[in-house]
Amino acid sequence: MGFRLPAAIRRASFSSQTASKVLNVPKGYLAVYVGEEMKRFVIPTSYLNQPSFQNLLSQAEEEFGYDHSMGGLTIPCTEEIFLHITSGFNRL
């Protein structure tokens, strides 16, 4: 079972400032913003299939809906939690 991004996210329009950041994301990756400082992480799209990452996406949907003004997904957790969860993905 894979995770599909909603059509609203796929069709989102970006400002020119956001568009320049989008260009810095390689194919097969996406930008997410994490923590109080909104630190930007560029992660592989393969993370979207991980159950623990899908849990983070559900939390993001509950808190922010599908409106992510940063141009990437905003994940509502601390950087430490995010790094702890995603560090296990690299071992797979």
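Scroll up for the structure.
No experiment lies behind these values; they were computed from the predicted model shown. (Residues numbered from 1 in each chain as written. Predicted model: local features only at pLDDT ≥ 70, side-chain atom pairs only at ≥ 80, totals over all residues. Heavy atoms only, no water.)

Trainee: With reference to specific residues and values, describe the side chain of Thr86.
Mentor: Assignment of secondary structure puts Thr86 in helix α4 (residues 79-87). You can call Thr86 buried: its relative accessible area is 6%. In terms of polar contacts, Thr86 uses its side chain to reach the backbone carbonyl oxygen of Phe82, at 2.9 Å. Excluding its chain neighbours within four sequence positions, the residues that come into contact with Thr86 are Tyr47 and Phe53. (Helix = DSSP H or I, 4+ residues; strand = E, 2+ residues; numbered from the N terminus. Buried < 20%, exposed > 50% of the residue type's maximum accessible area, 1.4 Å probe, protein only. Polar contact = N/O pair within 3.5 Å; in protein donor to acceptor, adjacent residues only side chain to side chain. Contact = heavy atoms within 4.5 Å.)

Trainee: Describe the packing of aromatic side chains, listing the residues and the values that go with them.
Mentor: For the structure on display, the rule yields four aromatic pairs. Relative to Phe82, the ring of Phe41 has its centre 4.9 Å away and its plane inclined at 45 degrees; by these criteria the two rings are tilted. Linking Phe41 in strand β2 (residues 39-44) with Phe82 in helix α4, this pair joins segments that are 41 residues apart in sequence. The exposure class assigned to Phe82 is buried, which follows from its relative accessible area of 1%. An angle of 65 degrees between the planes, with centres 6.4 Å apart, marks the rings of Phe53 and Phe82 as edge-to-face. In this pair, Phe53 is assigned in helix α3 (residues 51-64) and Phe82 in helix α4, connecting sequence segments 29 residues apart. Judged on exposure class, the residue Phe53 and its partner Phe82 are both buried. (Phe/Tyr/Trp six-rings, centres within 6.5 Å; stacked < 30°, edge-to-face > 60°.)

Don't take any of this as a statement about function, it's just geometry.
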